[in-house]
Amino acid sequence: MVLQQALADLNEAYRNFFNSLTGKRKGPKVAPPRFRSRKDSRQSVRFTANARLKVLGDGRLRLPKIGDVPVRWSRALPSAPSSVTVIRDAAGRFFASFVIETEPRPLPETDAECGIDLGLGHFAVMDDGTKVAAPKFLRRAEKKLKRAQRDLSRKQKGSANRDRARVKVARAHARVTGARRDFHHKLSTRIIRENQAVTVEDLAVKALARTKLAKSVHDAGWSAFVSMLEYKAKLYGREFRKAGRFEPTSQVCSACGVKDGPKPLSVREWTCHECRTVHDRDVNAAKNIAALGRREALNVRGGQVRPAETLAQADEAGSRRGAA
Ligand SMILES: [Zn+2]
């Protein structure tokens, strides 16, 4: 069964690759499948339901050829799984990941909407002025990881010390990614719960507007977070929008819609030359993103909004749940 599964995966990989070559498959180019090594640090195997996969009454997991494995469940399974993937990660931990059918669970509707600027100084800035910093424990874990990597690079190749150091690096890595994922989950769930519609800037577009350095520092975290927002919006019956077109969200005044000109990253606060509103750079950008989201939603519903219009209309900005 496991071998058949691998063959089916290979078949699909080739199909995707050839369909991508001939243009039958949309989206980014798909590379041909690669061989994996027995020595890869991340190993996985998939069992389907008809391979005698079974969750036993005492909480153990019955796997063919392996036996009954004790499992520490992170949560109860809502229905019978159609397959399970058992993964061993680089830090030597084992995970069981189940495929389950679920229904969307719409939350009660609210009027609140929110625009998010994924910033440099802060992890995220909302249009109501809330600023979310990356948590301290995450920064601490990142520091530890750096130290472990430095230690590893000083060990002699092929030595037992180097092996030990490599496990330490893998563990530190696991801790950083785990902490980051936990932070992303908590924040994205809260945002989706509290808002009916959420707008973020398209990351590809955002990357264009930023320097190379800033991009490399933040990309990984952002895209994981944005995709969480996207699937949670779907799951809970919320609207997820991407402000897709390139708009200079940090240059336009969110109060009167005037374009105030480019601002270097060092400018954290500025005054609109037209209406004299004092703006926090990131909060202003988040307000513009929220306005873009509202405008795009109107466009979709066939409203009379031309793309050439200014980013934020004064009345739009003023009608926001008391945000100033
Ligand atoms: Zn203004």
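The N-to-C vectors of helix 2 (residues 136–154) and helix 3 (residues 160–194) enclose an angle of 160°; their axes lie 9 Å apart at closest approach. When the axes of helix 2 and helix 3 are compared, the pair comes out roughly antiparallel. Viewed along their axes, helix 2 and helix 3 form a crossing whose handedness is left-handed. Here Phe137, Leu138, Ala141, Glu142, Leu145, Ala148, Gln149 and Leu152 of helix 2 lie close against helix 3, whose contacting residues are Arg162, Ala165, Arg166, Lys168, Val169, Ala172, His173, Val176, Ala179 and Arg180.

The subject of this paragraph is the packing of aromatic side chains. Within a pair of aromatic rings, the relevant descriptors are the distance that separates the centres and the angle that separates the planes. Under the defined criterion, the tally for this structure stands at five aromatic pairs. For the pair tyrosine 14 and phenylalanine 18, a centre-to-centre distance of 5.9 Å together with 20° between the ring planes defines the contact as stacked. Linking tyrosine 14 with phenylalanine 18, this pair stays in helix 1 (residues 2–21), spanning four residues, or about one helical turn. Judged by its relative accessible area of 46%, phenylalanine 18 falls in the partly exposed class. Arranged with centres 5.5 Å apart and planes meeting at 20°, the rings of tryptophan 73 and phenylalanine 98 form a pair that is stacked. Here tryptophan 73, found in the loop between strand 4 (67–69) and strand 5 (83–88), pairs with phenylalanine 98, found in strand 6 (residues 94–99); they are 25 residues apart in sequence, far enough to count as distant. Among the aromatic residues, those joined into a cluster by ring pairs are Tyr14, Phe17 and Phe18. Positioned above the aromatic ring of tyrosine 236, the side-chain terminus of arginine 193 is 5.9 Å from the ring centre.

What follows covers the nonpolar core. The biggest cluster of nonpolar side chains holds 22 residues, and the ones touching the most others in it are Ile116, Leu187, Ile191 and Leu229. Among the elements of the structure, strand 7 (113–117), strand 8 (124–126), helix 3, strand 10 (197–201) and helix 5 (212–235) are those that each provide at least two residues to this core. With six residues, the top contributor of residues to this core is helix 5. The residues touching isoleucine 116, leaving out its near neighbours within four places in the chain, are Ala124, Val125, Met126, Ile191, Val198, Thr199, Val200, Glu201, Leu229 and Ile289. Among the nonpolar cores identified, the runner-up in size contains ten residues, and Ala148, Ala165, Val176 and Ala179 belong to it.

The next thing to look at is the sheet that holds strand 1 (residues 43–48). Read from one edge to the other, the open sheet built from three strands follows the order 1-5-6, with strand pairing classed as antiparallel. The outermost strands of the open sheet, each flanked by one partner alone, are strand 1 and strand 6. Averaged over all adjacent pairs, the angle separating strand axes in this sheet is 20°, with direction ignored. Pairing of strand 1 with strand 5, which is carried by six bridges, proceeds in the antiparallel orientation.

Another point: the pattern of salt bridges. Counting across every chain of the model gives 14 salt bridges. Ionic pairing is found between glutamate 113 and arginine 241, a salt bridge with its closest N-O pair at 3.6 Å. Taken together, the residues glutamate 113 in strand 7 and arginine 241 in strand 11 (residues 239–243) connect sequence positions 128 residues apart. The salt bridge involving arginine 294 is made with glutamate 113; its shortest N-O contact spans 3.9 Å. Note that arginine 294 is positioned in helix 6 (residues 281–300) and glutamate 113 in strand 7, a separation of 181 residues in sequence. Residues participating in the shared-partner salt-bridge network are Glu113, Glu239, Arg241 and Arg294.

Within the secondary structure layout, aspartate 282 lies in helix 6. Contacts of aspartate 282, omitting those with residues within four sequence positions, involve Asp117, Val125 and Arg268.

The subject of this paragraph is the environment of proline 262. Structurally, proline 262 is set in the loop between strand 11 and strand 12 (269–271). For the pair proline 262 and valine 252, spaced ten residues apart in the sequence, the C-alpha separation amounts to 9.0 Å.

Calculation rules
Throughout, residues of each chain are indexed from 1 in the direction in which the sequence is written. Per-residue local features of the predicted model are confined to residues with pLDDT of at least 70, and side-chain atom pairs are confined, for both listing and counting, to 80 or more; whole-chain, interface and lining totals are unaffected and use all residues. Side-chain descriptors were evaluated using all non-hydrogen atoms of the structure, hydrogens and water having been removed beforehand. Simply put, an axis is a line fit to the C-alpha atoms, just over the touching stretch for a helix, and the angle between two N-to-C directions goes from 0 to 180 degrees. Numbering goes from the N terminus for both helices and strands, where a helix is a DSSP run of H or I of at least four residues and a strand is a run of E of at least two. An angle below 35 degrees is read as roughly parallel, one above 145 as roughly antiparallel, one from 65 to 115 as roughly perpendicular, and any other as oblique. Less than a right angle of anticlockwise turn of the near helix away from the far helix marks a crossing as left-handed, whereas a clockwise turn marks it as right-handed. Only heavy atoms matter for contacts: two residues are in contact if any of them lie within 4.5 Å across the pair. Only Phe, Tyr and Trp rings take part, Trp by its six-membered ring, and two of them pair if their centres are within 6.5 Å. Stacked means planes under 30 degrees apart, edge-to-face means over 60, and tilted covers everything else. Under the scheme applied here, a residue whose accessible area is under 20% of the maximum for its type counts as buried, over 50% as exposed, and between as partly exposed, the area being computed with a 1.4 Å probe on protein chains only. Here, a charge over a ring is recorded when the distance from Lys NZ or Arg CZ to the ring centre is within 6 Å and its angle to the ring normal is within 35 degrees. Among buried residues, those of type Ala, Val, Leu, Ile, Met, Phe, Trp, Tyr and Cys that are joined through side-chain atoms within 4.5 Å constitute a nonpolar core. Here, strands pair whenever DSSP counts at least two bridges between them. Just to be clear on terms, a salt bridge is a Lys or Arg side-chain nitrogen sitting within 4 Å of an Asp or Glu carboxyl oxygen.

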